[in-house]
Amino acid sequence: MPVADVPCRRRRRTMRPTHPGYVSYSFGPGPLTPAVRALIVLNVAGYLLALVVPTLSLWLGLVPALVFERWWFWQPVTYMFLHGGLFHLLFNMLALWMFGVDLERRWGTRFFARFYFVSGLGAAATTLLASLLPFGFSQEMYASVTVGASGAIYGLLVAFAMMYPDRPIYLYMLFPIPARVFVLIIGAVSFLSSVSEARGGVAHAAHLGGLVAGYLYLAGRRGGILSMVRSQWLRWRLARMRRRFDVHEGGRKDQRGPWVH
C-alpha cells in the first residue's frame with residue numbers, strides 16, 4: 001500500500017461525522033450523575049414506603065404544629081423524600097434529572113448535594129414561617145402535611161439559570177425561552193399565587209422559598225450579596241468619616257492640595 005494513501009483514508013474517517021447528511025439526536029443531559037441517582041432512589045423509595053405505610057407521611061412529612069410543639073426537627077429534611085402522588089413524583093424527578101445532571105457535573109457531587117438540601121431547607125423554613133402568619137390559611141397550614149421535593153427543585157432551576165442563562169428551556173414542551181427568563185416567569189407565578197390563593201398559595205410560597213434560598217446561597221458564595229452589603233457599609237463609613245473630619249474631595253478654593261482636613 002502506498003504511504004500516501006494512509007492520510008487520505010484517515011482524513012475520510014474524521015470527515016464522516018461532519019458530513020452534511022449526518023444527523024445526531026439526543027434527549028436530556030445524559031446519564032445520571034451520582035448525587036442525582038441517589039436522590040431519585042431515595043425519593044422513589046420514600047414514595048413506595050408511604051404507599052405501604054400511610055402513617056409515614058405524618059411522621060416524615062412537614063407539619064408545622066409537630067415541629068413547633070413536639071420538636072420533630074427531622075421533618076424539614078425528611079419531607080423532601082415524600083410525594084403526594086405519582087405524577088408529583090415523576091415531574092420532580094424529571095426536573096431533577098434535566099437540571100441537576102449538568103449542575104452536578106459542573107460543581108461536583110459534594111457541593112451539588114449541599115446546594116440541594118439548602119434549597120429544600122429554605123422551602124421548609126418558608127412553610128414554617130408562613131404557618132405563623134396572622135392569616136386564615138395559616139391556621140389550616142399549621143396542622144397540615146407538606147411533602148415533596150419541589151422546593152429543592154426550584155432551587156436547581158434558579159441555579160441552572162445562573163450557570164446557563166442563555167440555555168433554552170421549552171415552556172410546555174413547545175416554546176423555547178432562555179433559562180433566565182423561564183426562572184423569572186415561574187418565580188413571578190409562584191409569588192402571585194402565594195399572595196392570591198388560599199391553601200394552594202402556601203405550596204407556591206414554599207416553592208418561592210426554595211428558589212430564593214438557592215439564589216441567596218449562590219450569590220453569597222459568589223460574593224454577590226455579601227459584596228454589595230460590604231460595599232454599601234464601606235461607603236457609609238467613608239461618608240461618615242468625611243463629615244466627621246470635614247474632608248472635601250478636590251480641596252477648597254482657598255487651599256492647595258487635593259485634600260483639606
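For the structure, check the block above.
Since we're looking at a predicted model, the values are computed, not measured.

Analysis parameters
- Residues numbered from 1 in each chain as written.
- Predicted model: local features only at pLDDT ≥ 70, side-chain atom pairs only at ≥ 80, totals over all residues.
- Heavy atoms only, no water.
- Phe/Tyr/Trp six-rings, centres within 6.5 Å; stacked < 30°, edge-to-face > 60°.
- Buried < 20%, exposed > 50% of the residue type's maximum accessible area, 1.4 Å probe, protein only.
- Lys NZ or Arg CZ within 6 Å of the ring centre and 35° of its normal.
- Salt bridge = Lys/Arg side-chain N within 4 Å of Asp/Glu carboxyl O.
- Helix = DSSP H or I, 4+ residues; strand = E, 2+ residues; numbered from the N terminus.

Caption draft 1: Layout of the packing of aromatic side chains. Applying the stated rule across the entire model yields 12 aromatic pairs. When the ring of tryptophan 71 is compared with that of phenylalanine 73, the centres are 5.3 Å apart and the planes differ by 85 degrees; the resulting orientation is edge-to-face. For the ring pair tyrosine 116 and phenylalanine 117, a centre distance of 5.8 Å and an interplane angle of 85 degrees mean the geometry is edge-to-face. On the basis of relative accessibility, which here comes to 0%, the residue tyrosine 116 falls in the buried class. Owing to a relative accessible area of 29%, phenylalanine 117 belongs among the partly exposed residues under this scheme. Three or more aromatic residues joined by ring pairs make a cluster, and in this case those are Trp107, Phe111, Phe115 and Tyr217. Seen from the ring of tyrosine 164, arginine 106 lies directly overhead, with NZ or CZ sitting 5.3 Å from the centre. Stacked on the ring of tyrosine 164, the Lys or Arg arginine 167 has its end atom at 4.4 Å from the ring centre.

Caption draft 2: Main features of the pattern of salt bridges. The final tally for this structure, using the stated rule, is 3 salt bridges. Note that aspartate 102 and arginine 105 form a salt bridge whose closest N and O atoms lie 3.6 Å from each other. With aspartate 102 and arginine 105 both in helix 6 (residues 86-107) and 3 residues apart, this pair spans about one turn of that helix. Taking the relative accessible area as the measure of exposure, arginine 105 reaches 45% and is therefore partly exposed. Bridged by salt links that share partners, the residues Asp102, Arg105 and Arg167 form one connected network.

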